[in-house]
Amino acid sequence: MTSIQSSDQGQAPLQKLRAYLHTTQLLGSIQSALYYDQNTAMPAAGAEWRGEQLALLAQQLHGRQSSGAYADLLAAAEAQWEGAPGPMGRNLQLLRQEFERQHRLDAALVGHIAQAQAQGYARWQEAKAKGDFSVFAPSLQVLVGLRQEQARQLAEPRSCWETLAQPFEPDISKARLDVLFAPLRQELPALIERARSAASRQPSTAWDLPESSQLKLCQELLNGWGFDPNRCQTARSPHPFSCTLGPADFRITTRVVAGQPLSALLATAHEWGHSLYEQGLPRSGDHYFPWPLGDATSMGVHESQSLFWECRVGRSQAFAQGLEPSIAAAWSLANPGGGANPGSPSPWRNSQGFWRCLNPLEPGMIRVEADEISYCLHIVLRYELELALLEGDLPVAELPGHWNQRMAELLDLRPSHDSEGCLQDVHWSEGLFGYFPSYALGHLISAQLGEAMERDLGGAGSIEARVAKGDGASLKQWLAEHVYPLGRQVNGEELVKQVSGQDLRAEPFLAYLRAKLERLVAP
């Protein structure tokens, strides 16, 4: 810090603060690069050393964000600005809010959490490979305790879970989630049963594609949706994710799942939606990078963007019709003898059948492979169990049993082993409690923004019509004009209200599901 102070004595307070934030962003991007490597290329034996690296960086970042020198810089900038409204006022408000949070946390706790995350991720990978929760349970117990201590140190007027959820979904509360989730709990079971009934009357379409074919299709999708190799990179990881390493460095990953030939394609569409949002955020100008206004609004909004491209575009009937010839060619190449259906061009028979492959009507065990209808009940399950772990009396050792019981109650499914049960998601291995509801909020936000988009682009059905014409550019342009520029000027619900003109609610999403289901079950 001394060198920074000595080199910028002549700068105004806001300029000094900006320089300080720039260095903080550099350290954060190094942390992200290590995380990306950990998930894509690092050998398993490197986990312990990587944990120490990440712990050191986390402590340095915490020190920068909570130090007296930073407090002085922030106070001087606030005094220069004198509470004037506008973008810089919002930046300073967000910086002050984050400083107060960081200032309350003990540096040793920050380091312990970072190390426990790296160790937890390694244990989770091992446990998932073995299908044995007991391998991961001690790490999860440590992470639960550390996050509870974090909430205690933050001492916010919120519950433990609500406190931990704030970085993902600012201003969210359990009461608000209860209001938004109630219609989902009430209406989704009937829709699931209708889908199940239709699925039972349709022929099985079990098939697969070689890994090379799947990855080629993923790259073709990205190329068609604006992938720029000068700014973007793809890789594979145990759990797909999107990661931004700098203002012009965007990474995504996917995974190939045996027996799930469209999994990698849909995961790629999902993560590319995240990346498009990151690429569209305001990264230039006096009020943005490295200021908070250049960051994402919330994880709910982030998920709305990934779900828009995965579901509203990638799972649409128009997209299925356009993609089907390429999939059929890849399948035929891999199955020159006709596979299970000699004489038939493909197992799915026609473009309607292929559309059903993109939109399975039978609920699945795995969240990231789930259909749109059952997906939010997967989230309800995780949300309830997080609350029980953090605020209730659920022992970590009993998590698998409670998971399996709630899966049976909500979806009439029971995992055969822990890997398709409570070990299927990466989030708890990193102690990311409070994250899961953002996925369901993303579905609600995507549907409501989709209604607003269609009002502007020609009315109901206009998204599908644009996809049928291969005009994804106009959809991206609408998002670039209405969603991306807002950054952190607003929270998630404020963004929805500003763009759609209405408060966030579940009905647009449920209406979208009802209409889509009727088309899917049609003969």
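Residues numbered from 1 in each chain as written. Predicted model: local features only at pLDDT ≥ 70, side-chain atom pairs only at ≥ 80, totals over all residues. Heavy atoms only, no water.

**What to know about the overall build of the protein**
Then, number 1: If you tally the helices and strands in the protein, you get 21 helices and three strands.
Then, number 2: Here the protein has a C-alpha radius of gyration of 23 Å; the compact-globule value for 523 residues is 24 Å, and the two agree.
Then, number 3: Taking the principal axes of its C-alpha atoms as reference, the protein extends roughly 80 × 50 × 40 Å.
Then, number 4: Here the protein holds 523 residues, and 55% of them are scored as buried. (Helix = DSSP H or I, 4+ residues; strand = E, 2+ residues; numbered from the N terminus. Rg over C-alpha atoms; globule rule 2.2 N^0.38 Å. Buried < 20%, exposed > 50% of the residue type's maximum accessible area, 1.4 Å probe, protein only.)

**Looking at the packing of aromatic side chains**
Then, number 1: All chains considered together, the criterion is met by 22 aromatic pairs.
Then, number 2: Where Y277 meets Y484, the ring centres are 5.8 Å apart and the plane angle is 45°; that geometry is what we call tilted. Taken together, the positions of Y277 in helix α11 (residues 263-280) and Y484 in the loop between α19 (472-482) and α20 (492-500) put the pair 207 residues apart, joining distant regions of the chain.
Then, number 3: Y484 sits in the buried class, given a relative accessible area of 2%.
Then, number 4: For the ring pair Y375 and Y439, a centre distance of 6.4 Å and an interplane angle of 75° mean the geometry is edge-to-face. With Y375 in helix α15 (residues 372-390) and Y439 in helix α17 (residues 437-457), the pair connects residues that are 64 residues apart, well separated along the chain.
Then, number 5: A relative accessible area of 6% means that Y439 is categorised as buried.
Then, number 6: Put simply, the rings of F168, Y375, W403, W428, Y435, F436 and Y439 pair up and form one aromatic cluster. (Phe/Tyr/Trp six-rings, centres within 6.5 Å; stacked < 30°, edge-to-face > 60°.)

**Quick word on the pattern of salt bridges**
Where charged atoms from two side chains of opposite charge approach closely, those side chains can pair.
Then, number 1: Evaluation of the coordinates by the stated rule reveals 30 salt bridges.
Then, number 2: The residue R96 makes a salt bridge to E100 at a minimum N-O spacing of 3.2 Å. Placement of both R96 and E100 in helix α5 (residues 87-104) is noted, with a separation of four residues, approximately one turn of the helix.
Then, number 3: Note on R96: relative accessible area 24%, which makes it partly exposed.
Then, number 4: Each of R185, E384, R406 and E409 takes part in one network of salt bridges that share partners. (Salt bridge = Lys/Arg side-chain N within 4 Å of Asp/Glu carboxyl O.)

**Focus: helix α12 (residues 299-313)**
Then, number 1: Counted at 1.5 Å a residue, the expected span for α12 with its 15 residues is 21 Å, and the 20 Å between its end C-alpha atoms agrees.
Then, number 2: Of all bends in α12, the biggest is about 35°, found at L307.
Then, number 3: Across the 15 residues that make up α12, a large majority, 15, are buried.
Then, number 4: Backbone nitrogen of G300 and a side-chain oxygen of the N-cap are separated by 3.3 Å at the start of α12; the cap is S298. (Expected span 1.5 Å × (residues − 1). Bend = angle between axes of the 7 residues up to and from the residue. Polar contact = N/O pair within 3.5 Å; in protein donor to acceptor, adjacent residues only side chain to side chain.)

**Let's talk about the sheet that holds strand β3 (residues 249-254)**
Then, number 1: One open sheet accounts for three strands, arranged β1-β3-β2; its pairing is mixed. Unpaired on one side and paired on the other, β1 (232-236) and β2 (242-246) mark the two borders of the sheet. For this sheet, the mean inter-axis angle between neighbouring strands, taken without regard to orientation, is 25°.
Then, number 2: Packed on one face of the sheet, α11 meets β1, β2 and β3 and runs near 160° to β3. (Pairing = 2+ DSSP bridges. Axes fitted to C-alpha atoms, helices over the stretch in contact; angles between N-to-C directions. Contact = heavy atoms within 4.5 Å.)

**Structural notes on the confidence of the model for the protein**
Then, number 1: When the pLDDT values of the protein are averaged, the result is 93; 96% of them are 70 or greater.
Then, number 2: Considering only residues more than four positions removed or in separate chains, one finds that residues 1-8, a stretch of pLDDT under 50, has six contacts. (pLDDT = per-residue confidence, 0-100.)

**Remarks on unusual backbone geometry**
Then, number 1: The omega angle of the peptide bond from F289 to P290 is 0°, so this bond is cis rather than trans.
Then, number 2: On the secondary structure map, P290 appears in the loop between α11 and α12.
Then, number 3: Positive phi is not limited to glycine here, since A155 has a value of about 50°.
Then, number 4: Examined against the element boundaries, A155 turns out to sit in the loop between α7 (137-154) and α8 (160-165).

**Comments concerning the pairing of β3**
Then, number 1: Most of β3 is tucked away, with five of its six residues classed as buried.
Then, number 2: Two elements, β1 and β3, share five bridges in a ladder whose sense is parallel. Following the sheet pairing, R236 is matched in β3 by T254.
Then, number 3: Pairing analysis gives four bridges linking β2 to β3, with the strands arranged antiparallel. What sits directly across from S242, in β3, is I252.
Then, number 4: From the end of β2 to the start of β3, which pair antiparallel, there are two residues.

**Considering the packing of α11 against α12**
Then, number 1: Relative to each other, α11 and α12 sit at 135°, their axes nearing to 7 Å. Here α12 runs oblique to α11, going by the angle between their axes. The way α11 lies across α12 gives a crossing that is right-handed. Contacts between α11 and α12 involve L266, A269, H270, G273, H274, L276, Y277 and E278 on the former and, on the latter, V301, H302, E303, Q305, S306, L307, W309 and E310. (Parallel < 35°, antiparallel > 145°, perpendicular 65-115°, else oblique. Left-handed = near helix turned anticlockwise from the far one by under 90°.)

**Some remarks on the side chain of R356**
Then, number 1: Take R356: it is sitting in helix α14 (residues 351-358).
Then, number 2: Residues within four places of R356 in sequence aside, it is in contact with Q202, L520, V521, A522 and P523.

**As for the side chain of E271**
Then, number 1: Here E271 lies in helix α11.
Then, number 2: E271 has contacts with P240, F241, S242, I252 and T253, leaving out every residue within four places of it along the chain.

**Focus on the environment of E98**
Then, number 1: Looking at where E98 falls in the secondary structure, it is placed in helix α5.
Then, number 2: A residue is classified by how much of its surface remains accessible, and E98, at 32% relative accessible area, is partly exposed.
Then, number 3: Distance in space between the C-alpha atoms of E98 and Q65 is 8.0 Å, their sequence separation being 33 residues.

**With respect to α15**
Then, number 1: Taking 1.5 Å per residue, 19 residues should reach 27 Å; α15 reaches 28 Å between its end C-alpha atoms and fits that length.
Then, number 2: Of all 19 residues in α15, 17 are buried, a share of seventy percent or more.
Then, number 3: One side-chain oxygen of the residue at the start of α15 lies 3.1 Å from the amide nitrogen of I373, identifying that residue as D371.

**Some points on the environment of L54**
Then, number 1: With respect to the secondary-structure elements, L54 resides in helix α3 (residues 47-66).
Then, number 2: Sequence spacing of L54 and I30 is 24 residues, and the spatial spacing of their C-alpha atoms is 9.4 Å.
Then, number 3: With residues near it in sequence (within four places) discarded, L54 still touches Q31, L34, Q38, A114 and A118.

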